[in-house]
Amino acid sequence: MSNGRAVPKGVQIAIGAALCAALLGWYGATNLGGEAQYRYFDTLDEFLASGPQDRVGERLRIKGYVANGSIDRQLDARRVRFAIQSQPPHAVGDATDTLTVDFGSLETPDLFKDGAEVVVEGQVEAGAGGAVFLADNVLAKCPSKFQAKLDAGEAAPL
C-alpha cells in the first residue's frame, strides 16, 4: 500500500468470508426460493396428470419407455416419430396412455429401440389429434441388469 500500512491477515480473512457469505446468500435468494422446482424429469404419468394442453411451450424432460412397434424413421423428413408409455412394454404390454414424440433428427442413441427407457427433452405442441412432444434431445438409459442368454425351456433365475 502507498501509506506503508499492511492490512492485517485477520481482516483479509473476514473480508473473504463476508464475500463468500454474500455470494451464497445471493445464490440462495435467486435460485432456491419461491417456486423453484428441481426435478430432473417428469414421469409420463406425472406429465399426463398435469394436463399436457396446459404445458404447451414449456421446456420439459419426460421419462418413459418406447412403445413396441411405434418407431417410425422418416428418412425424407429426417425425423423419427415414436410413442412412449409409462411402464416397460415387457412388463405391461401395450399401454393405452402414450405420448407421441416427434424427434427432429435421425441420430438416435445406440440404445434406442422398442422397450428402451428414454428421457425426451423438448416441448409440447397442441394438435388436432392431441398433444405431440417435439423433442430436440433423446437420452436412452443403459440397461442396469444384464443376464446370460437362456436356452430354450430354461427358467429365468429369481
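Above this text is the structure in question.
Notes on the structure in this doc start here.

**A look at the packing of aromatic side chains**
Part 1: Evaluated as defined, the whole model comprises 2 aromatic pairs.
Part 2: Judged by centre distance (5.8 Å) and plane angle (75°), the ring pair of Tyr40 and Phe41 falls under edge-to-face.
Part 3: Note on Tyr40: relative accessible area 49%, which makes it partly exposed.
Part 4: On the numbers, 4.9 Å between centres and 70° between planes, the contact of Phe82 with Phe112 is edge-to-face. Here Phe82, found in strand E4 (residues 79-85), pairs with Phe112, found in the loop between strand E5 (98-103) and strand E6 (117-127); they are 30 residues apart in sequence, far enough to count as distant. In terms of burial, Phe82 and Phe112 fall into one category: buried.

**A word on the nonpolar core**
Part 1: Within the largest apolar cluster, 20 residues are counted, with the highest numbers of intra-cluster contacts made by Ile62, Phe82, Ile84, Val118, Val120, Phe133 and Val138.
Part 2: Residue assignment for this core shows that the elements contributing at least two residues are helix H2 (44-49), strand E2 (59-66), E4, E5, E6 and strand E7 (130-140).
Part 3: Of all the elements, E7 adds the most residues to this core, at 4 residues.
Part 4: Leave out the neighbours within four places in its chain, and Ile62 touches Phe41, Asp42, Thr43, Leu44, Phe47, Ile84, Leu99, Val118, Val119, Val120 and Phe133.

**Thoughts on the pattern of salt bridges**
Part 1: On inspection of all chains with the given rule, the structure shows 8 salt bridges.
Part 2: Measuring nitrogen to oxygen at the nearest pair gives 2.7 Å for the salt bridge that ties Asp136 to Arg59. One end of the pair, Asp136, is in strand E7; the other, Arg59, is in strand E2, and 77 residues separate them in sequence.
Part 3: Here Arg81 makes a salt bridge to Asp102, at a shortest N to O gap of 3.3 Å. One end of the pair, Arg81, is in strand E4; the other, Asp102, is in strand E5, and 21 residues separate them in sequence.
Part 4: Through salt bridges with shared partners, one network takes in Asp42, Arg55 and Glu58.

Calculation notes
- In this convention, every chain numbers its residues from 1, walking through the sequence in written order.
- Totals for whole chains, interfaces and linings use every residue, but because this is a predicted model, local features are given only for residues with pLDDT of at least 70 and side-chain atom pairs only at 80 or more, for both listing and counting.
- By convention in this description, side-chain values take in all heavy atoms of the structure and omit both hydrogens and water.
- Think of it this way: a Phe, Tyr or Trp ring, Trp meaning its six-membered ring, pairs with another when their centres are within 6.5 Å, and the plane angle makes it stacked under 30 degrees, edge-to-face over 60, tilted otherwise.
- Burial classes follow relative accessibility: with a 1.4 Å probe on protein chains only, a residue under 20% of its type's maximum area counts as buried, one over 50% as exposed, and anything between as partly exposed.
- Strands are runs of DSSP state E lasting at least 2 residues, helices are runs of H or I lasting at least 4, and numbering of each runs from the N terminus.
- Residues grouped as a nonpolar core are buried Ala, Val, Leu, Ile, Met, Phe, Trp, Tyr and Cys residues, joined through side-chain atoms within 4.5 Å.
- Note on definitions: a residue-residue contact is assigned when non-hydrogen atoms from the two residues lie within 4.5 Å.
- We define a salt bridge as a side-chain nitrogen of Lys or Arg found within 4 Å of a carboxyl oxygen belonging to Asp or Glu.

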